[in-house]
Number of protein chains: 2
Amino acid sequence: MANRLLAHKGVGRDDVEAAAWWLRDRVVDTPLVRSATLDQIAGVRLWLKAENLQTGGSYKFRGALRAVDQIAKQGGHRGVIAQSTGNHALAVAMAAERYGLTATTVLPVDAPASKVASIEGCGGRVELAGTTAEERLEVVERLRAASGDAVLDAYDHPDVIAGQGSATWELVEEAGRRGTRLDAVVVPVGGGGGVAGACLAVQGSGTAVYGVEPVGCDSLGQSLAAGRRISVPPAPTLADGLRPSLVGRLPFEIVRDRIAGVVRVDDGDIGRAVFLGLFHTKLLLEPSGAAGLAGALRLAASGSFTDIGVVLTGGNAEAAVIARLVAEHGAKGATS
Amino acid sequence: MANRLLAHKGVGRDDVEAAAWWLRDRVVDTPLVRSATLDQIAGVRLWLKAENLQTGGSYKFRGALRAVDQIAKQGGHRGVIAQSTGNHALAVAMAAERYGLTATTVLPVDAPASKVASIEGCGGRVELAGTTAEERLEVVERLRAASGDAVLDAYDHPDVIAGQGSATWELVEEAGRRGTRLDAVVVPVGGGGGVAGACLAVQGSGTAVYGVEPVGCDSLGQSLAAGRRISVPPAPTLADGLRPSLVGRLPFEIVRDRIAGVVRVDDGDIGRAVFLGLFHTKLLLEPSGAAGLAGALRLAASGSFTDIGVVLTGGNAEAAVIARLVAEHGAKGATS
């Protein structure tokens with residue numbers, strides 16, 4: 001209970017470290033991947049945390065498991081409810097399954113079919129509602145009122161932020177074990193939970209954190225410029241996971257004074273990153289999961305960095321998208 | 001020198017274990033990957049050793065590094081020569097680069113362009129010659145006579161066998177650490193070095209080893225049936241790495257009394273395994289590297305197994321092949 005009260009007041013580096021240690025034997029120990037060819041292309045050394053190999057295919061499982069554990073420990077709930085563009089909902093469904101809780105998830109009507117199938121595959125219920133977070137949140141509220149289940153926010157939640165931050169914590173630690181202090185860590189931004197966790201994870205280490213947002217989905221970038229949260233109706237993007245129109249309250253509080261900057265990437269950058277990731281690291285990344293690599297390649301071009309860490313956040317890609325991107329970028333030449 | 005003499009007389013389980021320990025800090029510690037969805041499809045638990053994430057994109061680097069180290073220690077050679085359909089040659093070029101030796105490699109004229117580019121990218125020289133191992137071996141002999149460089153056979157070599165066997169050794173060890181004794185390990189068969197190493201690695205453990213060969217490229221299967229090595233002019237196959245027409249002498253000596261059987265897979269099986277591997281493990285496998293998974297799915301269908309280990313041997317796939325397979329199998333439904 002104390003932890004819970006504390007958590008609602010905020011979340012700090014210690015919470016990220018505690019989450020990392022707690023998660024150590026409960027999630028996949030994802031590898032830190034290097035590629036000499038990618039390093040050549042980037043002109044820097046890239047340290048790639050392969051969270052596409054995480055349970056549920058994305059780093060969202062870290063935050064979901066940490067948060068569902070707290071809910072289960074509190075007791076009083078038969079199930080959990082979560083809304084997201086896909087990966088957080090899937091992660092919550094998988095975490096709930098471990099604890100014998102029901103999971104009801106709300107996804108946009110254009111959610112990738114594979115994510116819906118995966119949630120149903122681990123016993124979760126799926127409701128499809130609209131295309132914006134606001135529309136999904138209305139359904140969540142209706143479901144909560146009817147069931148009394150606990151609602152697990154996708155990013156505006158201290159346990160979720162601490163759990164997702166553990167991916168960056170491990171990335172920095174493992175690079176350190178290999179003798180490298182990272183200049184920067186790059187994390188894609190949807191609602192901001194992952195990048196907030198990253199900012200906490202690196203606190204005091206001298207490593208800079210950069211967020212990556214698709215062009216036209218830059219709520220964090222615009223919010224940082226304005227000094228307050230700005231809602232951005234999401235433009236179409238390959239990165240379906242990075243479409244939340246408004247960065248979370250708590251994530252914004254955390255990152256506003258800690259983040260080094262936001263890099264904007266377009267569909268061309270993202271598609272190229274999916275392709276390069278696939279053929280040079282041998283890892284399948286979904287577009288949102290490759291956005292960090294796309295951002296890192298842009299950052300690297302500035303010439304200001306030597307070692308850049310990237311959280312490859314997820315790999316739940318659609319076959320049709322991958323077939324198209326591989327055909328398109330393959331035709332341009334395998335190493336471009 | 002003693003080790004070298006012993007090695008030429010043969011290779012045993014101790015050599016595989018020694019290679020595994022020696023390689024531990026010198027190669028990528030590749031993860032053992034699980035997929036609940038793949039387990040459901042297979043009807044068994046699959047334990048997948050992701051050697052597509054190995055240096056050079058395949059497990060061949062293990063044998064190449066172990067063998068090049070021995071050559072470097074012996075001294076007297078300025079460089080090494082290797083022929084293969086691609087991955088062994090690339091592995092030798094990368095290993096030679098570490099030791100400051102030159103590498104001259106001989107590949108078939110239809111070798112994937114990406115493998116040629118990768119060899120040249122790490123300073124190796126590439127000669128293209130014919131389409132069969134016999135044609136390449138003629139060129140190797142000419143090169144050796146002219147340069148005096150050491151020839152490093154792709155499979156008929158004790159250090160190569162021991163090094164490649166270390167992948168299976170690690171697979172069995174890691175499954176054991178997670179409380180599972182594997183019923184079987186499945187390894188794709190080209191010239192037989194990997195499967196020979198696997199047979200040695202599991203010796204005395206009760207785990208059965210199965211080789212996998214493409215239909216029409218089943219030199220090992222036919223040799224086992226005949227009780228002597230049988231040359232098989234390779235039929236066309238997606239698995240370009242599994243086309244050697246004749247299993248090696250030493251590999252055959254090792255496996256003939258130790259192997260549990262050979263599974264034959266066709267291009268449909270292999271293409272499906274590439275697709276399933278990509279979307280359920282998030283790993284890019286080249287067709288030869290997915291052949292083990294294809295064979296494991298066939299074995300699993302027999303109903304005789306509970307836990308099957310698979311060496312996912314490599315991930316150096318061509319973009320055009322992947323685009324085609326993903327489009328083809330994606331249209332059939334993502335989980336089929």
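As the structure is a computational prediction, the values presented were derived from the model and not from experiment. Throughout this description, residue numbers start from 1 for each chain and increase along the sequence as written. A letter from A marks each chain and a number from 1 marks each ligand, given out in the order of writing. Owing to the predicted nature of the model, reporting of local features is limited to residues with pLDDT of at least 70; listing and counting of side-chain atom pairs is limited to 80 or more, with chain, interface and lining totals taken over all residues. Water and hydrogen atoms were dropped before computing side-chain values, which therefore reflect all heavy atoms in the structure.

**Some thoughts on the overall build of chain A**
1) Next: Counting its secondary structure elements, chain A contains 14 helices and ten strands.
2) Next: With the radius of gyration taken over C-alpha atoms, the globule rule is written as 2.2 Å times the number of residues to the power 0.38. At 18 Å, chain A has a C-alpha radius of gyration in line with the 20 Å of a compact globule built from 336 residues.
3) Next: When the backbone C-alpha atoms are referred to their principal axes, chain A occupies close to 55 × 40 × 40 Å.
4) Next: Here, two residues are considered to be in contact whenever any of their heavy atoms come within 4.5 Å of each other. At a minimum sequence separation of 6, the contacts of chain A that also span at least 24 residues come to 73%.
5) Next: Every accessible area reported is derived by Shrake-Rupley at a probe size of 1.4 Å, with residue values counting cover from the shown protein chains alone. Accessible surface for chain A amounts to roughly 11,900 Å². Of this, 50% is attributable to carbon and sulfur atoms.
6) Next: Across chain A, the mean location of the 34 positive side-chain charges is 3 Å away from that of the 36 negative side-chain charges. Each helix is a run of DSSP H or I of at least 4 residues and each strand a run of E of at least 2, with the numbering of both proceeding from the N terminus. When charges are counted, neither His nor the chain ends are considered; positive counts come from Lys and Arg and negative counts from Asp and Glu. Throughout, a charge is located at the NZ atom of Lys, the CZ atom of Arg, the CG atom of Asp or the CD atom of Glu.

**Re the UniProt feature "domain: Tryptophan synthase beta chain-like PALP" (unreviewed entry) in chain A**
1) Next: UniProt positions are given in the numbering used here, feature names are shortened, and annotations may be inferred rather than shown by experiment. Feature annotation in UniProt assigns "domain: Tryptophan synthase beta chain-like PALP" (unreviewed entry) to the following positions: residues 26–313 of chain A.
2) Next: Between the first and last C-alpha atoms of residues 26–313 of chain A the distance is 18 Å; the span itself is 46% helix and 17% strand.

**Thoughts on unusual backbone geometry**
All names here are of chain A.
1) Next: Phi is positive for K282, which is not a glycine, with a value near 65°.
2) Next: Among the secondary structure elements, K282 is positioned in the loop between α12 (267–281) and α13 (287–300).
3) Next: For K282, a relative accessible area of 10% translates into the label buried. Burial here depends on accessible area, computed with a 1.4 Å probe over protein chains only, as a share of the maximum for the residue type. Under 20% is buried, over 50% is exposed, and the range in between is partly exposed.

**A closer look at the domain arrangement of chain A**
All names here are of chain A.
1) Next: The domain architecture assigned to chain A consists of domain 1 (2–59 + 158–331) and domain 2 (60–151).
2) Next: Residue ranges assigned to the domains are those given by an automatic or database domain assignment. Between the C-alpha centres of domain 1 and domain 2 there is a distance of 22 Å.
3) Next: Between domain 1 and domain 2, the residue contacts involve 32 residues of the former and 25 residues of the latter.
4) Next: Roughly 2,400 Å² is buried in total at the junction of domain 1 and domain 2, and carbon and sulfur atoms are behind 49% of that figure.
5) Next: Basic side-chain nitrogens of Lys or Arg form a salt bridge, by our definition, when they fall within 4 Å of a carboxyl oxygen of Asp or Glu. For the interface between domain 1 and domain 2, the tally reads five salt bridges.
6) Next: The salt bridge partner of D110 is R243, with a shortest N-O separation of 3.1 Å. Once two parts are put together, the accessible area they lose, assessed with a 1.4 Å probe and summed over both, is termed the buried area.

**Overview of the relation of the copies chain B and chain A**
1) Next: Least squares is the method for superposing the copies, and the C-alpha atoms it fits come from residues with pLDDT of at least 70 in both. Turning chain B through 180° and shifting it by 0.0 Å along the axis lays it on chain A, with an RMSD of 0.0 Å. Viewed as a symmetry operation, the transformation between the two copies matches a two-fold axis.
2) Next: A share of 100% of interface residues in chain B that are also interface residues in chain A marks the association as one of identical surfaces.

**Side note on the sheet that holds strand β1 (residues 32–33) of chain A**
Two modes of strand pairing occur in sheets, parallel and antiparallel, and in both the strands are linked by backbone hydrogen bonds.
All names here are of chain A.
1) Next: Whether two strands pair comes down to DSSP finding at least two bridges between them. The six strands lie next to each other as β1-β2-β10-β7-β8-β9, forming an open sheet whose pairing is mixed. In this open sheet, the two edge strands, each paired with only one partner strand, are β1 and β9 (261–265).
2) Next: Relative to strand β2 (residues 45–50), β1 is paired through two bridges, and the arrangement is antiparallel. Considered in β2, the bridge of V33 is made with L48.
3) Next: Here helix α9 (residues 193–201) sits on the sheet in contact with β7 (184–188) and β8 (208–214), set at roughly 170° to β8.
4) Next: On top of the sheet, α13 reaches β2, β7, β8, β9 and β10 (307–312); it is set at about 165° to β10, its chief contact. In this description, a line fitted to the C-alpha atoms serves as the axis of each element, helices being fitted only across the stretch in contact, and the angle between N-to-C directions of two axes falls anywhere from 0 to 180 degrees.

**Comments concerning the interface of chain B and chain A**
1) Next: With 21 residues of chain B at the contact, the number on the chain A side is 21 residues.
2) Next: Summed over both partners, the interface of chain B with chain A buries about 1,600 Å², with 77% contributed by carbon and sulfur atoms.
3) Next: Contact with chain A buries surface across chain B, with F279, K282 and L284 of chain B losing the most and accounting together for 34% of the total.
4) Next: For the pair chain B and chain A, the interface holds zero salt bridges.
5) Next: Two N or O atoms count as a polar contact when they lie within 3.5 Å, although within protein this holds only if one can serve as hydrogen donor and the other as acceptor, and sequence-adjacent residues are included solely when both atoms are side-chain atoms. The interface formed by chain B and chain A holds six residue pairs in polar contact (both at pLDDT 80 or more) in total.

**Quick look at the environment of A67 of chain B**
Residue and element names in this part refer to chain B.
1) Next: Counting through the fold element by element, A67 comes out in helix α4 (residues 60–74).
2) Next: Linking A67 and G163, residues 96 residues apart in sequence, is a C-alpha distance of 7.9 Å.
3) Next: Here A67 is in contact with L152, H157, D159 and V160, once residues within four sequence places are set aside.

**Brief notes about the sheet that holds strand β3 (residues 79–83) of chain B**
Residue and element names in this part refer to chain B.
1) Next: Ordered by their spatial adjacency, four strands build an open sheet running β5-β4-β3-β6, and the pairing between neighbours is parallel. A single partner strand is all that each edge strand has here, and the edge strands are β5 (125–128) and β6 (150–151).
2) Next: The pairing of strand β4 (residues 102–107) with β5 spans four bridges and is classified as parallel. Opposite T105, over in β5, you have V126 as the bridge partner.
3) Next: With respect to the sheet, helix α6 (residues 113–121) is in contact with β4 and β5, its orientation differing from that of β5 by roughly 145°.
4) Next: Sheet strands in contact with helix α7 (residues 133–147) are β3, β4, β5 and β6, and its direction is about 165° off that of β3.

**Brief notes about the packing of helix α2 (residues 13–23) of chain A against helix α4 (residues 60–74) of chain A**
Residues and elements named next belong to chain A.
1) Next: Interaxial distance between α2 and α4 falls to 11 Å at its minimum, and their mutual angle equals 90°. Judged by the angle between their axes, α2 and α4 are roughly perpendicular. Taking contact as the criterion, the partners of A18, A19, W22 and L23 in α2 are, on α4, R62, L65, R66, D69 and K73.
2) Next: For the contact of α2 with α4, a count of residues per class yields five nonpolar, no polar and four charged. Here the word oblique covers every angle except those under 35 degrees (roughly parallel), over 145 (roughly antiparallel) and from 65 to 115 (roughly perpendicular). Any residue that is not Ala, Val, Leu, Ile, Met, Phe, Trp, Tyr, Cys, Pro, Asp, Glu, Lys or Arg is counted as polar, Gly included; the first ten are nonpolar and the last four charged.

**Some thoughts on the environment of V140 of chain A**
Residue and element names in this part refer to chain A.
1) Next: Assignment of secondary structure puts V140 in helix α7 (residues 133–147).
2) Next: When the C-alpha atoms of V140 and T105 are compared, they prove to be 8.1 Å apart, with 35 residues separating the residues in sequence.
3) Next: Excluding residues that lie within four positions of it along the chain, V140 makes contacts with I81, Q83, V106 and V151.

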